[in-house]
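# An overview of the molecular structure
Take a look at the letters that make up each chain.
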Amino acid sequence: MRANNIDGAPSADRVFQEIRAYVSHWNISPTIRELAHNLNCGHSTVQRRILELASSGAITVYGGRSRGIVIKGKK
């Protein structure tokens, strides 16, 4: 298990920004593992934030796909 960074766990806004930056650079959505690595946090933290973003309508998540995150709205 990876410890959170010194600033604590990333917020949903920070995860959204990272997803948007990744899509902008690579033109594909990031995996949970890539987000966790880039944000220096654990996989479960990223998964919780992704669920928050999906429930708010900012993103859509297609299950069963490693790159199944699609940005829907602006946060």
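For the structure given in this document, a descriptive report is provided here.

### Here's the deal with the overall build of the protein chain
A tally of regular secondary structure across the protein chain gives three helices and two strands. Secondary structure elements of the protein chain occur, N-terminal to C-terminal, as α-α-α-β-β. Counting the 75 residues in the protein chain, one finds 32% classified as buried. Considering only intrachain contacts with a sequence separation of at least 6, the fraction spanning at least 24 residues in the protein chain is 52%. As displayed, the protein chain offers around 4,900 Å² of accessible surface, 50% of which is attributable to carbon and sulfur atoms.

### Quick look at the nonpolar core
Formed by 14 residues in total, the largest nonpolar core has its most connected members in I50 and L53. Every element with two or more residues in this core is listed here: α1 (12–26), α2 (32–39) and α3 (43–56). With near-sequence residues (within four places) excluded, I50 lies in contact with V15, I32, L35, I59, V61 and I69.

### Here's the deal with the packing of α1 against α3
Relative orientation of the contacting elements α1 and α3 amounts to 90°, with a least axis distance of 9 Å. Regarding the angle of α1 to α3, the classification is roughly perpendicular. The residues of α3 that touch α1, namely those facing A12, V15, F16 and I19, are R49, I50, E52 and L53.

### Some remarks on the environment of E52
With respect to the helices and strands, E52 occurs in helix α3. Exposure remark for E52: the relative accessible area of 37% places this residue in the partly exposed category. Sequence separation of E52 and D13 is 39 residues, and the distance between their C-alpha atoms is 9.9 Å.

### Describing α1
Between its first and last C-alpha atoms α1 spans 21 Å; for 15 residues at 1.5 Å apiece the expected length is 21 Å, and the two agree. What α1 keeps buried is the set A12, V15, F16, E18, I19 and Y22. Across the axial projection of α1, the buried residues extend over an arc of 160°, all falling on one side. Structural note: α1 exposes S24 and H25 on the side pointing more than 90 degrees away from its buried face. N27 occupies a position one or two residues after α1 and carries a positive phi of about 65°.

### So, the side chain of S29
With respect to the helices and strands, the residue S29 is situated in the loop between α1 and α2. Assessed through its relative accessible area of 6%, S29 is described here as buried. For S29, the side chain forms a polar contact with the main-chain oxygen of R67, separated by 2.7 Å. Not counting the four nearest positions on each side in its chain, S29 is found in contact with Y22, V23, R67, G68 and I69.

About the cut-offs
- Residues numbered from 1 in each chain as written.
- Predicted model: local features only at pLDDT ≥ 70, side-chain atom pairs only at ≥ 80, totals over all residues.
- Heavy atoms only, no water.
- Helix = DSSP H or I, 4+ residues; strand = E, 2+ residues; numbered from the N terminus.
- Buried < 20%, exposed > 50% of the residue type's maximum accessible area, 1.4 Å probe, protein only.
- Contact = heavy atoms within 4.5 Å.
- Areas by Shrake-Rupley, 256 points an atom, 1.4 Å probe, with all protein chains shown as cover.
- Core = buried A, V, L, I, M, F, W, Y, C linked by side-chain atoms within 4.5 Å.
- Axes fitted to C-alpha atoms, helices over the stretch in contact; angles between N-to-C directions.
- Parallel < 35°, antiparallel > 145°, perpendicular 65-115°, else oblique.
- Expected span 1.5 Å × (residues − 1).
- Arc of directions from axis to C-beta.
- Polar contact = N/O pair within 3.5 Å; in protein donor to acceptor, adjacent residues only side chain to side chain.

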